[in-house]
Structures are given as C-alpha cells and as structure tokens.
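Next come the chains, spelled out residue by residue.
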Amino acid sequence: MRRFWMVAGALGALTGAGVAIGAPNKPVPYWASISQDEARMRVGPSLDYPSNWVYRRRDLPVKVVQVLGLWRKVEDPDGAQGWMHVRLLSDTPTAIVKADVAPMHESASDGAASLYRAERGVVGRLSDCSRQWCAFDVKGRRGYVKASDLWGATDK
C-alpha cells in the first residue's frame, strides 16, 4: 500500500510539473514566429499526428490561438491552422508583406525617401511599431513600412 502512495505521489508531482512547464506566459491569441529553417505543422498536438504543412521559412509570423502543454495551435498568414511544438517557435516579432508592394521609407512618413520596395510575401523582423508605421528589417535592409501593409505582430 505504501508503494502505491509513493507512485501516486510521484505521478502527481510529474503531472503538476508538466502543466507548469507547458503554461504560456501570455494570454492567447499572441504572436510568434517560426524559429527553424524547417517546421512541421501537424493535424494534432503530438508527433503521432501527421504533418499537414512543412514550412521552410524561418521568421514567418504565426498567430498562436491555443496552448496545450508544449504544443501551440497556430494560424499562418493564409489562415491555415495546425499544431507546432513550442521549440519550433520564437517570440521574435516578425511580419509578412500583404500589400502587392510595400515601400520601405527612410523614416515613418509618406513624404520620406523610399529606400526599398518589398513585394507581397516578403518576411522581415519588426523592431518598433508606432503611429501606423513599423521599422522593418529584411536581411539587413531596413526601412519603415505602413503597418496596414503587413500581417504579423502589428494586427490586433
């Protein structure tokens, strides 16, 4: 009988630890980005489920819509939803250009010089979003883009 209670106590401690480890630090939905060069989105929250998408795009923004242990149900820029392991995700704020062309300006103003033109589908990192503009970095090319031209950490 004593052995039963020791095993039951150990299982209870492990179960409690698993819940604490997998608990999110922020309420859903929240923004994340893919942290690996290849990441699989699965039909369910386990490696036992088949992949429905394979992403080969580090920094692609995703919206986390549900949390289950170490798994996150995410939505991609096209609206596809599925599950990813937390190790495949990062808190790095990123966005993808949703406009046909998004001018990258020297400063956060329509009148500022245009440095680059980012086409639909270009992914970059965000460092500051205020007053409807975001500082956008695409592999070292930096400029300011209208937040309305992006999908990612700027959307509500």
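Residues numbered from 1 in each chain as written. Predicted model: local features only at pLDDT ≥ 70, side-chain atom pairs only at ≥ 80, totals over all residues. Heavy atoms only, no water.

K.L.:
Looking at this structure, I do not really get the pattern of salt bridges. What am I missing?
P.N.:
Pairing is possible between side chains that carry opposite charge, provided their charged atoms lie close to one another. On inspection of all chains with the given rule, the structure shows 8 salt bridges. Among the ionic pairs, glutamate 38 bridges to arginine 56, the shortest N-O distance being 3.3 Å. You can see glutamate 38 sitting in the loop between β1 (30-34) and β2 (39-42) and its partner arginine 56 sitting in the loop between β3 (51-55) and β4 (61-68), a full 18 residues away along the chain. When the shortest N-O distance is used, the salt bridge between arginine 142 and aspartate 137 registers 3.0 Å. For arginine 142, a relative accessible area of 55% puts it in the exposed group. Overlapping salt bridges, with partners in common, bring together Glu38, Arg40 and Arg56 in one network. (Salt bridge = Lys/Arg side-chain N within 4 Å of Asp/Glu carboxyl O. Helix = DSSP H or I, 4+ residues; strand = E, 2+ residues; numbered from the N terminus. Buried < 20%, exposed > 50% of the residue type's maximum accessible area, 1.4 Å probe, protein only.)

K.L.:
How should the pairing of strand β11 (residues 123-130) be read in this particular structure?
P.N.:
A regular strand carries its side chains on alternate faces of the sheet. Pairing analysis gives 3 bridges linking strand β8 (residues 94-97) to β11, with the strands arranged antiparallel. Its bridge partner lying in β11, threonine 94 is registered against arginine 125. Two elements, β11 and strand β12 (residues 133-138), share 5 bridges in a ladder whose sense is antiparallel. Paired with aspartate 128 across the bridge in β12 is alanine 135. (Pairing = 2+ DSSP bridges.)

K.L.:
Could you clarify how one ought to interpret the confidence of the model for the chain in this entry?
P.N.:
Residues shown with low pLDDT carry predicted positions that ought not to be read at fine detail. Looking at the chain as a whole, its pLDDT mean stands at 87, while 83% of the residues score no less than 70. Counted against residues more than four places away or in other chains, residues 1-23, with its pLDDT under 50, gives 5 contacts. (pLDDT = per-residue confidence, 0-100. Contact = heavy atoms within 4.5 Å.)

K.L.:
Before we go on, may I ask you to explain the state of the cysteines in this structure?
P.N.:
Counted according to the given criterion, the structure contains 1 disulfide. Disulfide partner of cysteine 129: cysteine 134, at an S-S distance of 2.1 Å. Classification of the bridge connecting cysteine 129 and cysteine 134 rests on its S-S torsion, roughly 115°, and on that basis the disulfide is right-handed. The class of cysteine 129 is partly exposed, set by a relative accessible area of 39%. (Disulfide = S-S within 2.5 Å.)

K.L.:
Explanation requested: unusual backbone geometry in the structure shown.
P.N.:
Across residues other than glycine, the phi torsion is negative in most instances, and most of the peptide bonds are trans. Following valine 28, the chain continues to proline 29 via a peptide bond in cis, the omega torsion being 0°. Structurally, proline 29 can be placed in the loop between α1 (2-22) and β1. The residue arginine 131 is not glycine, and still its phi comes out positive at about 50°. Examined against the element boundaries, arginine 131 turns out to sit in the loop between β11 and β12. Residue class for arginine 131 comes out exposed when judged on its relative accessible area of 66%.

K.L.:
I tried to follow the nonpolar core on my own but got confused; where do I start?
P.N.:
It is characteristic of soluble globular proteins that their nonpolar side chains tend to be buried jointly. Ile34, Tyr55, Val74, Met84 and Leu89 are the most contacted members of the largest nonpolar core, which has 18 residues in total. Mapped by element, the contributors of at least two residues to this core are β1, β2 and β4. Broken down by element, this core gets its largest block of residues, 4 residues, from β1. Excluding residues that lie within four positions of it along the chain, isoleucine 34 makes contacts with Ala39, Tyr55, Arg57, Arg58, Asp59, Leu60, Val62, Met84, Leu88 and Leu89. In terms of nonpolar packing, the next biggest core, distinct from the first, is built from 12 residues, Leu126, Val138, Val145 and Ala147 among them. (Core = buried A, V, L, I, M, F, W, Y, C linked by side-chain atoms within 4.5 Å.)

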